[in-house]
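Residue-level structural notes
Residues per chain are reported as follows:
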Amino acid sequence: MTILSLARFQFAMTTVYHFFFVPFSIGTAFVVALMESMYVHTKDESYKKMTKFWGNIFLLSFAVGVVTGIIQEFQFGMNWSDYSRFMGDIFGAPLALEALLSFFIESTFIGLWVFTWDKVKPGLHAFFIWMTSFGSLTSALWILTANSFMQHPVGYVEKNGRATMVDFGALLKNPQLWYEFGHVILNAIMMGGVIFAGLAAFQLLKKKQASDAARHIYKKTLRLGLSISLIFAIFGLVLGDLQMQYLIKEQPMKFAATEAVYTTTGKHAPWTVVGIANSKQHKEEYNLDVPYALSILSYHSTSGAVTGMNELNAQYKHKYGKNIDYYPPVNTLFYSFRIMCGVAAWIILISLIGLIMSREKSQSLYRHRWLMWLIAITTFFPFLGNTAGWFVTEFGRVPWTVYGLFTIQQSVSPNVSVASLLTSNIIYFCLFTTLAIAMIALVVRELKKDPTQTIEPKFKKVLDPFDKEAF
Amino acid sequence: MSALQLLWFFLIGVLFAGFFFLDGFDYGVGMATITVAHSEAERDQMVQTIGPVWDGNEVWLITAGGAMFASFPFWYASLFSGYYLILMLVLVGLIIRGVSFEFRAKSPMPHKKIWDWTLGIGSAMVPFFLGVMFISMIKGMPIDVNGNFHATFFDYINWFSVVGGIALTLLTYLHGLNYLSLKTAGEVEERSNNYAQFLYWVLYLGLIVFALMLIFMTDFIHVHPVGTLTMLVVIVILSIVAHAATMKQKELTAFIASGLTLVSLVALIFIGLFPRVLISSISSRYDLLIQNASSTHYTLTVMTIATCCLLPFVLAYTIWAYWIFRKRIAMPVITEDK
C-alpha cells in the first residue's frame, strides 16, 4: 500500500458515497418544490400531504449529503496538497463561490422551510423550498466549473510551477462545463422522479390496508415521478450524446477507452457490444461487434473513423513525455459506460410503460404486480448509473488530475503517512456504513407512516423540534 | 505585500471569527444537551433553539476553508495536510453532529439516545480539535522548505495545545449556555444561567494559564507586543462583562460578550501571526508569509468582486432568518397520550 493508492481509494470512496446523496437531494428537492407549488396553485390538501410526506425523505438525504460534502472540501488540502498548491489559484475560487452563493442559500432556506409550516403564507413557504432547490442546483454549477477545468483547462497560464488564472470568464464559458452541468442536473432531477415513483410503487405493493386517500397520494406521486423521470431521462440521453460528440474531439483517449478501441478503426467503425480489453497487450479480446454502429453512434453517419488508444498513446508520449503510458483503465470505462447507458435506457422504458398503463382510463398498471415490482426496484438503479457515469469521467482522466498539465502522481500530499491514510480510510468506511444503515432504517420508518396523517398528531408526549407546533 | 493580500488575510480572519461567533453557540448548545438537560423534553427544547440556524452557521467554516483555498492555496495545502489526523477528527465531529439533528428528530426511543450522544460528543470534538490545531499552529510547527509538515505526536498534542483546545471548548460551551438563557424560557433558562455563572470562574483560571503559555511559548509578545497584550486584555474584559451580565440576567449582553470573546481570540491569533500565515519551528526562513502564500492578483480581484456582490445578500437573509426565529422556546405542555 502506498500513499498514492490509499489517497486515491479514499477519494473514490468519499466522492462516490457523497454523490449517492447529492443528486438524491437535488432531485428530490426539485420534485418536492413542484409538489408544494401544485398545492399553492390548486389548494388541494392532498398535495400538501404529499409534500410533507416526501419532504421527510428529502430531508434525510440532505442531512447525509451535507455532512459527507464537508469531507470533500477538506480533503483537497489534506490528501492532495501538492495539487492544491498547483491549482489553488484556479480551483479555490469556484469552491469559495459555491459556499458563498449556494451553501448559504440552501442551508438558510432549508431551515426556514422546515420550521415555518403554516406560520407563513403558503406561497412564501413554497418560495423557501424553491430557494433551497436553487441553492443546490447552483452548487453543482460551481463545483463542476472546477471539475471541468481539470478535464479541459482553459483561461490560465502556467507560471512558477503553478497554474494561474488569467480569465475567469473563460472558466465559465468552458464547453465542458455546460455539458457536465446539464448532464448532472438533468440526471439529478430524473433521479428525484425515479426515487419517488419507485418508493410510491413499494407502498402500493406493501400497504394492502392503505386507505383510499393514501393510495390516491401514492398513485399521484407515482405518475408525477414517472413523468419527471421520462422527460429528464430523454433530455439527459440527448445531452449525453452531444457530450460524447464533444469527447471525440477534446478527450479522444477517454472516448476510445469507453469503446475499447485500441487500434484506429477503418472508415466504417464497428461497435463492440461486449468484450474484454487486454490492458497488458493493448488489444481487445472476445469482442462481439456490430458493423457500422460505432460510426453511427459517434458521427451519426455510417462512415467515420475512430482514433485508437495505441495511436493516441504514441501521440501523447511525443507531446507530454515518454516516461509514462497514457492509457486509462479501459475495462472500467468500457463497462461503466455500458452500465450508465443501460440504466438510462431502462428508466426511459419503464417510465414510458408505467405512464401509459397508469392512465386515468386504463389503470391496468396497478393490477400487474410484477410490473409494479420492476418500477419499485428501479429506485436503486440511478445510484448505479450515476456512479458509473462518474467512473467514466474521472477514470477517463487517468493519468492526469489536470488534463495535460498535472498527473495524479504529482498531486498527492507527500507528508501524510501510510498509517494516517489507513486510519482515515478505515474510520470513514465505518462511519459511512453506519450512516447508510441509519439512513435506510429511517427512510423505511418514514415510509411506513400514513401520508394522510402527517399533518399533525393530536397528542404528543415529547416535543418534536421538527414540528411546527413547537415553533 | 499588496492591499488585496492584506484584505484577504483579514477576510479569512473575519470568516473564522463569524464561524466561532455563530456556530460556536451551536456547539455549546450541543454540549449542553447532555450536560444541562434533565429530560428528553428539555433536550428537544434546547435543540429547537438551534434547529433552524445551525446549518447556515456551519457554512461559515466551509466558506472559510474555501476562501483560504482560493486566496492562500499554500497556507491551505500546508495546514490541511499538516493537520491530517486532527482535521479528520474535526470532520468526524462535524459529521456525527450534522446528521444528529435530522436523525434524532425521526428516530424513536431508544434509538434516539444514540443521536443525542453523537450530538453532544460531536459538538465537543469540533471546538476541541480546532483549538488544538490553532494553538499548536501559533507555537510553530516543523515545516520544511516546501511548506510540508514533518511533525510528531507531541508537536500536535502538548500542554499548550491541550489547554488551548479546552479553552476554546469552554468558551463555546459558555457561549452556548448564554444563548440558551437568551432563547429559552423556564427551567432550562435558569439552569443554563447558573451553569454559566459558575463556569466563568473556571474560565478565568484557564485564561490565566493560556495567557502565560502564550507569552512564554510563542513569539507573539516579541513580534507584536502591543497587539498581543491588548487582545489578551480585551478577552479578559469581555469575559468579565459576560460574567457580570449572566449574574444580572442581562442575557443579550452576556451572549454578545461571549461571542465577542471568541472573535477576540481569533483576532489575537491573526494579529500574532501577521505577516506570517504559518510559523516554522525549524527556521524562520521557512515561515509561510502572506505575500508568498497567496493567489495571484487576478484571482484575488475576482474573489473580492464576487464577495462584495454576494456577502450583503448573505448577511441580509441570514439576519432575516434570525429575525423570523426571534421568539423564545418554551417547554411544551406535556399531554399524555390517549
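As a starting point, this report considers the structure included with it. (Residues numbered from 1 in each chain as written. Chains lettered and ligands numbered in written order. Predicted model: local features only at pLDDT ≥ 70, side-chain atom pairs only at ≥ 80, totals over all residues. Heavy atoms only, no water.)

**Focus on the overall build of chain B**
Put simply, the rule is: By definition, any uninterrupted DSSP run of H or I lasting at least four residues is a helix, any uninterrupted run of E lasting at least two residues is a strand, and each is numbered from the N terminus. Only the C-alpha atoms count toward the radius of gyration. The rule for a globule is 2.2 Å times the residue count to the power 0.38. For each residue, the accessible area found with a 1.4 Å probe, counting protein chains only, is set against the maximum for its type, and the residue is called buried under 20%, exposed over 50%, and partly exposed in between. Here, Shrake-Rupley sampling with a 1.4 Å probe gives the accessible areas, and only protein chains in the shown set may cover a residue. Counted as positive: Lys and Arg. Counted as negative: Asp and Glu. His and the chain ends are not counted at all. Taken as the charge location is NZ of Lys, CZ of Arg, CG of Asp or CD of Glu.
Each helix and strand in chain B was counted, giving 14 helices and 2 strands. Relative to a compact globule of 338 residues, whose C-alpha radius of gyration would be 20 Å, chain B shows 20 Å and is just as compact. Dimensions along the principal axes, computed over C-alpha positions, put chain B at roughly 75 × 40 × 35 Å. The buried share among the 338 residues of chain B stands at 65%. Accessible area of chain B: about 12400 Å², with a carbon and sulfur share of 75%. Here chain B carries 17 positive and 19 negative side-chain charges, and the mean point of each set is 4 Å from the other.

**What about the interface of chain B and chain A?**
Stated formally: We call two residues in contact whenever any of their non-hydrogen atoms come within 4.5 Å of each other. By definition, the buried area sums, over both parts, the 1.4 Å-probe accessible area that each loses when the two are put together. Salt-bridge detection follows one rule: a side-chain nitrogen of Lys or Arg within 4 Å of a carboxyl oxygen of Asp or Glu. We define a polar contact as two N or O atoms separated by no more than 3.5 Å, with the added condition that, inside protein, one atom must be a possible hydrogen donor and the other a possible acceptor, whereas residues neighbouring each other in sequence contribute only through side-chain atom pairs. When residues are sorted by character, Ala, Val, Leu, Ile, Met, Phe, Trp, Tyr, Cys and Pro go into the nonpolar class, Asp, Glu, Lys and Arg into the charged class, and all the rest, Gly among them, into the polar class.
At the junction of the two partners, chain B supplies 75 residues and chain A supplies 77 residues. Both faces considered, chain B and chain A share a buried interface measuring about 7000 Å² in area, 74% of it formed by carbon and sulfur atoms. Sorting the residues of chain B by area buried against chain A places Phe-69, Tyr-84 and Lys-106 of chain B first, and these three jointly supply 11% of that buried surface. Scanning the region where chain B abuts chain A turns up 0 salt bridges. Counting across the chain B and chain A interface gives 19 residue pairs in polar contact (both at pLDDT 80 or more). For the side of chain B that touches chain A, the elements supplying multiple residues, two or more each, are helix H2 (40-50), helix H3 (54-71), helix H4 (73-82), helix H5 (84-106) and helix H14 (297-324) of chain B. Ranked by the residues each element gives to the side of chain B that touches chain A, the list is headed by H5 of chain B, at 17 residues. The residue inventory of the side of chain B that touches chain A, partitioned by class, reads 44 nonpolar, 22 polar and 9 charged.

**Digging into the environment of Gly-176 of chain B**
Residue and element names in this part refer to chain B. Inspection of the secondary structure puts Gly-176 in helix H8 (residues 159-183). Put simply, Gly-176 and Leu-22 are 154 residues apart on the chain and 9.8 Å apart in space, counted from C-alpha to C-alpha. Filtering out sequence-adjacent residues up to four positions away, Gly-176 remains in contact with Phe-25, Gly-28 and Val-29.

**Things to note about helix H13 (residues 381-395) of chain A**
Turn by turn, an α-helix covers 3.6 residues, leaving residues three or four places apart pointing in a common direction. Residue and element names in this part refer to chain A. Here is the rule we go by: Expected helix span is given by 1.5 Å per residue-to-residue step, counting one fewer step than there are residues.
Compared with an ideal rise of 1.5 Å per residue, which puts 15 residues at 21 Å, H13 spans 21 Å between its outermost C-alpha atoms and is within 8% of the ideal. Within H13, the full set of buried residues consists of Pro-382, Phe-383, Gly-385, Asn-386, Thr-387, Ala-388, Gly-389, Val-392 and Thr-393. For H13, the elements touching its buried residues are helix H1 (3-42), helix H4 (122-151), helix H6 (175-206), helix H8 (252-258), helix H11 (330-357) and helix H12 (369-378).

**Re the packing of aromatic side chains**
Centre-to-centre distance and the angle between the planes together describe a pair of aromatic rings. Residue and element names in this part refer to chain A. Here is the rule: Aromatic pairing here means that ring centres of Phe, Tyr or Trp (its six-membered ring) are within 6.5 Å. Orientation follows from the plane angle: under 30 degrees is stacked, over 60 is edge-to-face, and everything else is tilted.
Counting across every chain of the model gives 67 aromatic pairs over all chains. With a centroid separation of 5.5 Å and 75 degrees between ring planes, the pair formed by Tyr-83 and Phe-91 is classed as edge-to-face. As far as burial versus exposure is concerned, Tyr-83 and Phe-91 are alike and both buried. A centroid spacing of 6.2 Å and a plane angle of 15 degrees characterise the contact between Tyr-428 and Phe-432, whose relative ring orientation is stacked.

**Considerations on a nonpolar patch on the surface**
Residues and elements named next belong to chain A. The criterion, for reference: Residues enter a patch when their relative accessible area is above 30% and they make no salt bridge; the linking distance is 9 Å between like charges and 5 Å between nonpolar side chains (Val, Leu, Ile, Met, Phe, Trp, Tyr).
Together, Val-274, Ile-276, Tyr-286, Leu-288 and Tyr-335 make up a nonpolar patch on the protein surface, roughly 510 Å² of accessible area in all. Of all the elements in the fold, those that place two or more residues in the nonpolar patch are strand S3 (271-278) and strand S4 (283-290). Its place among the elements puts Val-274 in strand S3. Judged by relative accessible area, Val-274 falls into the partly exposed class, the value being 38%.

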